[in-house]
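Observations on the three-dimensional arrangement
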Amino acid sequence: MSKLLSPFQLGDITLPNRIVMAPMTRCRAGAGDVPVALNATYYAQRAGAGLIVTEATNVTAASCAFERAPGIYSAEQVAGWRPVVEAVHAAGGRIVCQLWHCGRVGAAGILNGQQPLAPSAVNDDLGLLQVYGQLGNGHYVRIAATPSRAMTLADVEEAVRQFRHAAANAWAAGFDGVEVHAANGYLPHQFLSPGTNRRDDRYGGPVENRARFLREIVEAVGEVVPMGRVGVRLSPTAAYNNPMDPDPHETYGHVATMLDGLGVGFLEIADTNAWAGAPDRTELLKMIKPHYHGPVILNGGLSPDLAEQLVALDTISLASFARLFIANPDLPARIAEGGPFNDPHPVGWYGGGAEGYTDYASLSESDLVAGAA
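Per chain, the residues get numbers from 1 upward, laid out in the order the sequence is written. For a predicted model such as this one, the threshold for reporting local features is a pLDDT of at least 70, and the threshold for listing and counting side-chain atom pairs is 80 or more; totals across whole chains, interfaces and linings nevertheless cover every residue. Hydrogens and water molecules were not included; the side-chain quantities draw on all heavy atoms of the structure.

The next subject is the pairing of strand β9 (residues 140–143). Where strand β8 (residues 131–134) and β9 come together, four bridges link them in antiparallel fashion. Bridged to V131 within β9 is I143. Between β8 and β9, which pair antiparallel one after the other, the connecting turn spans five residues, and G138 there sits at a positive phi close to 95 degrees. Paired strands, in this sense, are two strands between which DSSP finds at least two bridges. Secondary structure elements follow DSSP: runs of H or I of four or more residues count as helices, runs of E of two or more count as strands, with numbering from the N terminus.

Any Phe, Tyr or Trp ring, taking Trp's six-membered ring, that has another such ring centre within 6.5 Å forms a pair; planes under 30 degrees apart are called stacked, those over 60 apart edge-to-face, and the others tilted. Across all of its chains, the model carries 14 aromatic pairs by this definition. Centre to centre, the rings of Y42 and Y357 are 4.1 Å apart; their planes meet at 15 degrees, and the pair counts as stacked. Note that Y42 is positioned in helix α1 (residues 37–45) and Y357 in the loop between α11 (331–337) and α12 (363–372), a separation of 315 residues in sequence. On the basis of relative accessible area, Y42 is assigned to the buried category, the value being 0%. Burial classes follow relative accessibility: with a 1.4 Å probe on protein chains only, a residue under 20% of its type's maximum area counts as buried, one over 50% as exposed, and anything between as partly exposed. Using a relative accessible area of 0% as the deciding quantity, one classes Y357 as buried.

Okay, unusual backbone geometry next. For the peptide bond that leads from G339 to P340, omega is 5 degrees, which places it in the cis range. Turning to its location among the elements, P340 is positioned in the loop between α11 and α12. With phi around 55 degrees, N184 is a residue other than glycine that occupies positive phi space. Here N184 shows up in the loop between β11 (177–182) and α4 (187–192). A positive phi angle, near 55 degrees, is found at M244, a position not held by glycine. Tracing the backbone through its elements, the reader meets M244 in the loop between β12 (230–234) and α7 (248–262).

pLDDT is a per-residue confidence score from the predictor, ranging from 0 to 100. Looking at the protein as a whole, the pLDDT averages 95, with 98% of positions reaching at least 70. Taken together, the stretch residues 368–373 has pLDDT below 50 and engages in zero contacts with residues farther than four places along the chain or on a different chain. Two residues form a contact once any of their heavy atoms are found within 4.5 Å.

Another point: the state of the cysteines. In what follows, a disulfide is any cysteine sulfur pair within 2.5 Å. Enumeration according to the criterion identifies zero disulfides in this entry. This cysteine, C27, is not joined by any disulfide, and C64 carries the nearest cysteine sulfur, 8.3 Å off.

With that out of the way, let us pick up the pattern of salt bridges. Salt bridges are defined by distance alone: a side-chain nitrogen of Lys or Arg within 4 Å of a carboxyl oxygen of Asp or Glu. Inspection of every chain in the model, using the stated rule, returns ten salt bridges. The closest approach of N and O atoms between D314 and K3, which form a salt bridge, is 2.6 Å. You can see D314 sitting in the loop between α9 (304–312) and β15 (318–321) and its partner K3 sitting in the segment before β1 (8–10), a full 311 residues away along the chain. Classification of D314 as partly exposed rests on a relative accessible area of 47%.

So, on to helix α3 (residues 153–172). A helix is expected to span 1.5 Å for every residue after the first. Here α3 is 20 residues long and its end C-alpha atoms lie 29 Å apart, about the 28 Å a rise of 1.5 Å per residue gives. By the burial criterion, the buried members of α3 are D155, V156, A159, V160, Q162, F163, A166, A167, N169 and A170. Looking at the buried side of α3, the elements it contacts are α2 (75–90), β6 (95–100), β10 (149–150), β11, α4 and α6 (212–221). Note on α3: the residue one or two positions beyond its end, G174, has a positive phi of about 100 degrees.

Axes, fitted as lines to C-alpha atoms, cover a helix only where it is in contact. Angles between the N-to-C directions of the axes lie from 0 to 180 degrees. Running from amino to carboxyl end, α3 crosses α6 at an angle of 35 degrees, the nearest separation of the two axes being 8 Å. Two packed elements cross with a definite hand, and for α3 against α6 that hand is right-handed. For the pair α3 and α6, contact is made by V156, A159, V160, F163, R164 and A167 and by F213, E216, I217, A220 and V221, respectively. Here the contact of α3 with α6 is composed, by residue class, of nine nonpolar, no polar and two charged. Left-handed describes a crossing in which the near helix is turned anticlockwise from the far one by less than a right angle; the clockwise case is right-handed. Any residue that is not Ala, Val, Leu, Ile, Met, Phe, Trp, Tyr, Cys, Pro, Asp, Glu, Lys or Arg is counted as polar, Gly included; the first ten are nonpolar and the last four charged.

This part is about the packing of α1 against α2. Here α1 crosses α2 at 25 degrees, and the two axes come no closer than 8 Å. As judged from the angle between their axes, α1 and α2 are roughly parallel. Here the hand of the crossing between α1 and α2 comes out right-handed. Residues N39, A40, Y43 and A44 of α1 form the contact with α2, whose participating residues are W81, P83, V84, A87 and V88. Residues belonging to the contact of α1 with α2 are distributed by class as follows: eight nonpolar, one polar and no charged. Convention used here: angles under 35 degrees read as roughly parallel, angles over 145 as roughly antiparallel, angles from 65 to 115 as roughly perpendicular, and any remaining angle as oblique.

Rendered as structure tokens:
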């Protein structure tokens, strides 16, 4: 029997298989960044995953790298998420909400005129920051990042409260847990990396101080969601959004030990450089696994065959897939059958409606089309 398709206990969450749907920004929230019925259809189609991690979901209006991404900080957003969660549960799935603060990755034009927040005002690399907005004609385009300002201690403390509030909202909406997004050059990652964190207070300098923000977030989230249902996403070697860490081994050895001690339910390790064909998976696992003894999910450039090998060898506990889940809503069933696998359409990655989002055929639908032909 395929180990990838076998059940697994992920912290407090019982999974029917080890295939995880990775968080993927799709930018289809409605007014006020409220999830809509189309989002419920999309997630419910993919409920065969052992676990769904939602698209990155803003914990505050001060966070926005991708316009039309959803939020989880307002009552209206919580009400919008409930039907999404209910649809996934009705289809037999499990879903956790990824909590997101973009920090310096933002633009005043999609932040209601506000300046992005950051550990330090590092603004000599704005051309490397990935910020996107939707034009009036509906096209989704990259836009210029706005220079950020250094957060005050009050700002830092408020950001921790925002993560806690968002986690409580996710729990109230019925999610099975949450994942703290501390990867891809966003705010917790910015605090971890000395290139973007040049503070001289208790949140800057040695790695213990740089990791304090993430520690406080996880501790605060664990006050409102059982820690066995809390995950953290890390991308130690990511070039995306230029987090600039000259010694990720030191940083993430400490971070993994810290998260192990806090008892988080799982870590998702994002091999972000695999997007560009330069995978770091072996090095990443060397950084994390000696220090963290809970379940490890690996994401980035994995094929089903490679994922099966890594899980069978206990190199990882679970594998998360992104692009394969865009094009194959019933991915676990297709893996069980050995394919075939749909290729993603060239449209619909960000923004828009059903096209490239909910219009991919399942195996059963493909069979019906073939039979009709």
